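# Per-entry structural report
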Amino acid sequence: MLKLDPEAARRLLERIAGGDEAALAELHRVFARRVFAFAQARLRDDAAAEEAVADTFFEIWRHARRFRGESQPSTWMFGIARNIVLNKLRARAPETDELDEAMPTDDLGAFDELARKELRAGILRCMEALSAAHRECLYLVFYEGLSLAEVAALQGCPENTVKTRLFHARRNIKDCLGGLREGA
Amino acid sequence: MTTPDDKRRFDELVPFYVSGALGAAERAWVEAYLARVPGARAELAWHQALAGAIEERVASVPEDVGLAGLQARLAAERRGARPGRLLAALERWLPRPAVYPAFAGAAAIVLVQAVAIGVLVTRPETPVYSDVRSLGGPERQSYLQVNFKPEATERDLRLALIRVGGRIVHGPGQLGDYYVVVPGDRVEPARRELEASGVVEAVALVDKLPAREE
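Bear in mind the structure is a predicted one, so any value in this text is a computation, not a measurement. Residues take numbers from 1 onward in each chain, read along the sequence in its written order. All chains are assigned letters beginning with A, and all ligands numbers beginning with 1, in the order in which they are written. For this predicted model, a pLDDT threshold of at least 70 governs which residues receive local features, and a threshold of 80 or more governs which side-chain atom pairs are given and counted, while totals over whole chains, interfaces and linings are taken from all residues. In computing side-chain properties, one takes all heavy atoms of the structure into account and sets aside hydrogens as well as water.

## Focus on the overall build of chain B
Counting from the N terminus, the helices are DSSP H or I runs at least four residues long and the strands are E runs at least two residues long. Along chain B, the regular secondary structure elements total nine helices and four strands. Along chain B, helices (α) and strands (β) appear in the sequence α-α-α-α-α-α-α-β-α-β-β-α-β when read from the amino end. Accessibility here uses a 1.4 Å probe with only protein chains present; expressed as a share of the type maximum, an area under 20% marks a residue as buried, one over 50% as exposed, and anything in between as partly exposed. With 214 residues in all, chain B has 38% of them scored as buried. On chain B, roughly 12,200 Å² of surface is accessible, and the fraction owed to carbon and sulfur atoms is 57%. Note on areas: Shrake-Rupley with a 1.4 Å probe; residue coverage comes only from the protein chains shown.

## Section: the state of the cysteines
Residues and elements named next belong to chain A. When two cysteine sulfur atoms are found within 2.5 Å, that pair is recorded as a disulfide. Enumeration according to the criterion identifies one disulfide over all chains in this entry. With no disulfide partner, Cys-137 has as its closest neighbouring cysteine sulfur the one in Cys-157, 7.2 Å distant. Given a relative accessible area of 0%, Cys-137 falls into the buried group. Overall, Cys-157 belongs to the buried group, its relative accessible area being 15%.

## As for the nonpolar core
Each nonpolar core is a collection of buried residues, namely Ala, Val, Leu, Ile, Met, Phe, Trp, Tyr and Cys, held together in the definition by side-chain atoms within 4.5 Å. If you look at the biggest cluster of nonpolar residues, it comprises 83 residues, and the most contacted ones within it are Phe57(A), Leu138(A) and Ile173(A). When residues in this core are grouped by element, the largest group, twelve residues, is from helix α2 (residues 21–43) of chain A. Throughout, a residue-residue contact means that at least one pair of heavy atoms, one from each residue, lies within 4.5 Å. Other than its neighbours up to four places away in sequence, Ile173(A) contacts Ile123(A), Cys126(A), Met127(A), Leu130(A), Leu138(A), Trp46(B) and Leu50(B). Formed by 18 residues, the second largest nonpolar core is a distinct cluster that contains Val146(B), Phe148(B), Val164(B) and Val182(B).

## Quick look at the interface of chain B and chain A
Across the contact, 55 residues belong to chain B and 60 residues belong to chain A. Put simply, buried area is how much 1.4 Å-probe accessible surface two parts lose in total, over both of them, once they are put together. With both chains or domains summed, chain B and chain A bury close to 5,300 Å², and 60% of this area falls on carbon and sulfur atoms. For this document, the term salt bridge refers to a Lys or Arg side-chain nitrogen within 4 Å of an Asp or Glu carboxyl oxygen. Here Arg120(A) makes a salt bridge to Glu56(B), at a shortest N to O gap of 2.9 Å. Polar contact is the term for a pair of N or O atoms within 3.5 Å; when the atoms are in protein, one must be able to donate a hydrogen and the other to accept it, and sequence-neighboring residues count only if both atoms are side-chain atoms. Our enumeration of links across chain B and chain A arrives at 13 residue pairs in polar contact (both at pLDDT 80 or more). With 14 residues, the top contributor of residues to the side of chain B that touches chain A is helix α3 (residues 40–59) of chain B. Each residue gets one label: Ala, Val, Leu, Ile, Met, Phe, Trp, Tyr, Cys and Pro are nonpolar, Asp, Glu, Lys and Arg are charged, and the others, such as Gly, are polar. The class makeup of the residues in the side of chain B that touches chain A is 25 nonpolar, nine polar and 21 charged.

## Quick look at the pattern of salt bridges
Overall, the coordinates contain 22 salt bridges over all chains when judged by the stated rule. One salt bridge in this structure joins Arg29(A) and Glu26(A), with 3.3 Å as the shortest N-O distance. Taken together, the positions of Arg29(A) and Glu26(A), both in helix α2 and three residues apart, correspond to about one turn of that helix. Look at Arg29(A) and you get partly exposed, because its relative accessible area is 34%. Put simply, Asp55(A) and Lys88(A) hold a salt bridge, and the shortest N to O gap is 3.1 Å. With a gap of 33 residues between them, Asp55(A) in helix α3 (residues 46–63) and Lys88(A) in helix α4 (residues 73–91) connect regions that are remote in the sequence. A single burial state applies to Asp55(A) and to Lys88(A), both of which are buried. Counted as one network, the salt bridges with shared partners bring together Glu51(A), Asp55(A), Lys88(A) and Arg73(B).

## Observations regarding the side chain of Arg82(A)
For Arg82(A), the location among the structural elements is in helix α4. Look at Arg82(A) and you get buried, because its relative accessible area is 7%. Discounting residues that sit within four places of it in the chain, Arg82(A) has contacts with Phe38(A), Arg42(A), Glu136(A), Leu154(A), Gln155(A) and Pro150(B).

## Considerations on unusual backbone geometry
Residue Arg44(A) is not a glycine yet carries a positive backbone phi of 55°. Topologically, Arg44(A) is positioned in the loop between α2 and α3.

## Things to note about a negative patch on the surface
A contiguous patch of negative charge on the surface is contributed by Asp45(A), Asp46(A), Glu50(A), Glu63(B) and Asp64(B). Within the element layout of this structure, Glu50(A) appears in helix α3. The exposure class of Glu50(A) is partly exposed, given its relative accessible area of 37%. Only residues above 30% relative accessible area that lack a salt bridge enter a patch, with like-charged residues linked at up to 9 Å and the nonpolar side chains Val, Leu, Ile, Met, Phe, Trp and Tyr linked at up to 5 Å. Counted charges follow a simple rule, with Lys and Arg positive, Asp and Glu negative, and His plus the chain ends left uncounted. A charge is said to be at NZ when it belongs to Lys, at CZ for Arg, at CG for Asp and at CD for Glu.

## Structural notes on the packing of helix α1 (residues 6–17) of chain A against α2(A)
Residues and elements named next belong to chain A. For helices, the axis comes from a line fit to the C-alpha atoms of the stretch in contact; other axes are also lines fit to C-alpha atoms, and the angle between any two N-to-C directions lies between 0 and 180 degrees. The geometry of α1 relative to α2 is characterised by a closest axis approach of 7 Å and an angle of 140° between their N-to-C directions. When the axis of α1 is compared with that of α2, the two are oblique. α2 is crossed by α1, and the crossing has left-handed handedness. Mapping the contact onto sequence places Leu-12, Leu-13, Arg-15 and Ile-16 in α1 and Ala-22, Ala-23, Leu-24, Glu-26 and Leu-27 in α2. A class-by-class count of the residues in the contact of α1 with α2 yields seven nonpolar, no polar and two charged. Any angle between 65 and 115 degrees counts as roughly perpendicular, while under 35 counts as roughly parallel, over 145 as roughly antiparallel, and the rest as oblique. Two helices cross in a left-handed way if the nearer one is turned anticlockwise from the farther one by less than a right angle. They cross in a right-handed way if the turn is clockwise.

## Re the sheet that holds strand β1 (residues 143–148) of chain B
All names here are of chain B. By definition, two strands form a pair when at least two bridges between them are found by DSSP. In space, the four strands of this open sheet follow the order β2-β3-β1-β4, with antiparallel pairing throughout. Looking at the sheet topology across the chains shown, the edges are occupied by β2 (167–170) and β4 (200–206). Between one strand axis and the next, the sheet turns by 40° as a mean value, whatever way the strands run. The strands touched by helix α9 (residues 187–195) within the sheet are β1 and β4, with β4 carrying the most contacts at an inclination of about 165°.

In structure tokens:
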């Protein structure tokens, strides 16, 4: 993935605060896919996630001078993205997010039967069935590489809730993969 | 020997081990566990596959995703077509005209009225009021700074505000804070009611709106 070191991101935000559109384009180039994936995890809708990307970068453009360097630039930007995504969710009909699903069996060996590629495809398919909060949590941990405390801060919940979300998300994916294997 | 506590700790740490977010001590603990517990490596491989799947998915997203929309917003801003912050906040509260065409006209009227009322209410030092005050200078306007819970729906927000007779005059900010006005004698009861509503994460009484940045 395209990574932007925090110092470079800070410099870009300074330039954006000064009205530099080229800096905004550069930030978009390295960060847009990450915002999209983050938004898609919650919205489950590519078009809405793309709109969230545009909204997020427009907000960054308008408010870059608000960034005071008290957090990582990426955390600050994800905070903006998350707020935009939540507003989009609020504008929708109430979502029926499952929280604590039934506990499946602990059958890890079953997944050895799936080839690596099939396993990844299966994982992605099974991720679609997770609740938005669970998918977002997985994304923040496994793709963004955030710590437990950072995920909790971004999701606005206690660390134990993040642990619970991670636990159930992984269990549900494993359970779902087991179902795919049996149905094959 | 592996205890249930060890297994639980491994389960908690392994996602962060895969993502590289662990400190040295925890990383060493995971590696020792991997070395001594049969089956732990299979669990690690599964988590690596999960990380790989997510990475693959993100990699398939075009690099310019959202760029056209961003450019359109920038172009509109250059033309001066960007709606004000209050207007933008109110827009989010109204149904989309594309979805409810028959409602669009009425909504537009309500929007204009709301903006006009909002502007009046949020300007505490209008000449009309300052002329008739004889003592103590202009009254200060109180606002409730409200953060709704992430899971609160738009309907929850509307109902909570209707119950307290509140109206949004600013926000949401980047941290999700809305600024709400309620009738003067209802500020404290409204604050308590919102706090107890179950859809609000935090509510505070403030005496000014955030400074404009532009």
